[in-house]
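Residue-level structural notes
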Amino acid sequence: MALEPLELLRRQAESAARKQIRQETADVRRELSLVRRAQQMSRRAGQALEQAAAARPAQPGAADGLEPAELPERPPVCADGYVRRTPVQPYRTPVGYCRRQRRRLAMLLVTAALVVLLAAAVFRSGLLRF
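So, a few notes on the structure that sits alongside this text. (Residues numbered from 1 in each chain as written. Predicted model: local features only at pLDDT ≥ 70, side-chain atom pairs only at ≥ 80, totals over all residues. Heavy atoms only, no water.)

1. Some details on a nonpolar patch on the surface
Put simply, the test is: Within the patch definition used here, like charges are joined within 9 Å and nonpolar side chains (Val, Leu, Ile, Met, Phe, Trp, Tyr) within 5 Å, considering only residues with over 30% relative accessible area and no salt bridge. For the area figures, the Shrake-Rupley method with a 1.4 Å probe applies, and any residue is considered shielded solely by the protein chains shown. For this analysis, a salt bridge means a side-chain nitrogen from Lys or Arg found within 4 Å of a carboxyl oxygen belonging to Asp or Glu. Accessibility here uses a 1.4 Å probe with only protein chains present; expressed as a share of the type maximum, an area under 20% marks a residue as buried, one over 50% as exposed, and anything in between as partly exposed.
On the surface, Leu-105, Leu-108 and Leu-109 cluster together to form a nonpolar patch covering roughly 320 Å² of accessible area. By relative accessible area, Leu-109 is classed as exposed at 55%.

Below you can see the structure in the form of structure tokens.
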């Protein structure tokens, strides 16, 4: 069944209208997004802090007693204002952990050897025949 030209035009117009409504709805959602508002507010706060820091006279070595050469680098700022920070998690090993691990391994090996010897003794005694 072939479509008439007027029917084809009507469907195209309906599709274009639905597409326009979806785009407008997405724009409104994006504009009212709480995440976007939080990003804007944090960006403004960061800019205000940077301006306040720039207004203060710089004192070399005043940051926690570090020399200017030892001061940590400023994290890179992306085009959208996001500051990338890589968290550094300390790697902590409890006291005596390695010793306990070695003891467990030794006990496992001793237990395995005893099980093998016991199985061999039971098999040789004739109690268990296949």
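Structure shown, so let's carry the discussion forward.
2. Some details on the pattern of salt bridges
Cut-off, in case you're wondering: The helix and strand labels rest on DSSP assignments: H or I over at least four residues marks a helix, E over at least two residues marks a strand, and numbering proceeds from the N terminus.
Within this structure, the stated rule accounts for five salt bridges. Arg-10 is paired through a salt bridge with Glu-7; the nearest N and O atoms lie 2.4 Å apart. Note that Arg-10 and Glu-7 are positioned in helix α1 (residues 5–31) at a spacing of three residues, about one turn of the helix. With relative accessibility at 40%, the residue Arg-10 sits in the partly exposed group. By sharing partners, the salt bridges in this structure join Glu-7, Arg-10, Arg-11 and Glu-14 into a single network.

3. Looking at helix α2 (residues 34–55)
Basically, it comes down to this: Expected helix span is given by 1.5 Å per residue-to-residue step, counting one fewer step than there are residues. Whenever a nitrogen or oxygen atom comes within 3.5 Å of another N or O atom, the pair is scored as a polar contact, on the condition that within protein one atom can donate a hydrogen and the other can accept it, and that pairs from neighbouring residues in sequence are kept only if both atoms are in side chains.
For α2, with 22 residues, the first-to-last C-alpha span of 31 Å sits near the 32 Å given by 1.5 Å per residue. For α2, the N-terminal cap is Ser-33; the gap from its side-chain oxygen to the backbone nitrogen of Val-35 is 3.3 Å.

Without other data, these values stay purely geometric and don't point to any function.
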